[in-house]
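An overview of the molecular structure
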Amino acid sequence: MNIVLVHGAWADGSCWSAVIERLQAGGYHVTAPQFPESSLAADVARLRQVLDRQDGPTIVAGHSYGGQIMTALGTDAPNVAALVYIAAFGLDEGESIGGLLAQGGPPTPALAHLDIDKQGFAWLPEDDFVQHFAADIDPAQARVMHAVQQPLSASTFQDVMGVPAWKSHPSWYLVAENDEAIPPDAERQFAKRMGATTIEVQTGHVAMVSHPDEVAQLIKTAAEAVQAAS
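Let us look at the structure shown here. Not measured: the values here are computed from a predicted model.

All right, on to the layout of surface pockets then. If you add up the space inside the largest pocket, you get close to 290 Å³. Taken together, 18 residues make up the lining of the largest pocket; nearest its centre are L101, A102, P106, P107 and T108. Residue assignment for the lining of the largest pocket shows that the elements contributing at least two residues are α4 (97–103) and α7 (184–193). The residue makeup of the lining of the largest pocket, split by class, is 13 nonpolar, four polar and one charged. If you add up the space inside the second largest pocket, you get close to 190 Å³. What lines the second largest pocket is a set of 14 residues, among which S14, C15, Q141, M145 and V209 lie closest to the centre. When residues of the lining of the second largest pocket are traced back to their parent elements, those giving at least two are α1 (17–25) and α6 (139–147). Among the elements that take part in the lining of the second largest pocket, α6 stands out by supplying three residues, more than any other. The class makeup of the residues in the lining of the second largest pocket is 10 nonpolar, three polar and one charged.

Below you can see the structure in the form of structure tokens.
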């Protein structure tokens, strides 16, 4: 069984390292590519490029904005067998991340001071990253994660979702109960309307770093369900 891991904004593929180790130990073929984050279209194109390299059914797991990328695959994802959302955006048709965040009132603590550069890319300040984005990570490790952050094109906040992939694929969802980037209640709403098999974990936003056992186990559960059904 193939597993493709999709990182979110202000991260890179290395954020999945502890999860990759656990999945590889379980015999899974794992790919965690780097996404350009220059536009949603570019990120979806990168995901399709990686999916084309997989031999057989594939589980796609995405964190945060990575959920937006895999959701935007729509109905055209022939070798995708299941979707696993890790504290991730699971938008419905006609929705945008910017519109959704605006509905929730003031920005969440992790996103309160986005630094938009001259090229239109958003960066997270170190204090917000360490104290809120990666709140339950050792501060020394969180500062390393901040140092390697990939900025996100601000245009992605306005991209409107088409027909979401979760409408045609079985889905699993991990709600991060202490998330300071995406409101936990929003995560619960995403999971409920997609009919996802859902677990809740007492973790901050970067659950794959702070709770890799639970994240890897949820991905394994999805893979085992797909195998049992085939």
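There's plenty left to go through after this.
Let us now look at the pattern of salt bridges. This structure, assessed with the given rule, holds six salt bridges. Taking the shortest distance from any N to any O, the salt bridge between D76 and R48 comes out at 3.8 Å. Of the two residues, D76 sits in the loop between α3 (65–71) and β4 (80–86) while R48 sits in helix α2 (residues 40–52), which places them 28 residues apart along the sequence. A relative accessible area of 27% places R48 in the partly exposed class.

Below, the discussion takes up helix α5 (residues 126–133). The set of residues buried in α5 consists of D128, F129, V130, H132 and F133. Summarising the contacts, the buried residues of α5 are in contact with α6.

So, on to the nonpolar core. Across soluble globular proteins, nonpolar side chains have a tendency to be buried as a group. Within the largest apolar cluster, 79 residues are counted, with the highest numbers of intra-cluster contacts made by L5, W10, L47, I59 and I219. In contact with L47, other than residues within four places in its own chain, are V4, V6, F35, V60, I69, M70 and L73.

What counts, and at which threshold
Residues numbered from 1 in each chain as written. Predicted model: local features only at pLDDT ≥ 70, side-chain atom pairs only at ≥ 80, totals over all residues. Heavy atoms only, no water. 1 Å grid on protein atoms, 1.4 Å probe; cavity = no way out; pocket = protein on both sides within 12 Å on 5 of 7 lines; lining within 4 Å. Points joined across faces, edges and corners; volume = space filled by probe spheres on them. Helix = DSSP H or I, 4+ residues; strand = E, 2+ residues; numbered from the N terminus. Nonpolar A, V, L, I, M, F, W, Y, C, P; charged D, E, K, R; others polar. Salt bridge = Lys/Arg side-chain N within 4 Å of Asp/Glu carboxyl O. Buried < 20%, exposed > 50% of the residue type's maximum accessible area, 1.4 Å probe, protein only. Contact = heavy atoms within 4.5 Å. Core = buried A, V, L, I, M, F, W, Y, C linked by side-chain atoms within 4.5 Å.

Keep in mind that these numbers describe shape and distance, not what the molecule does.
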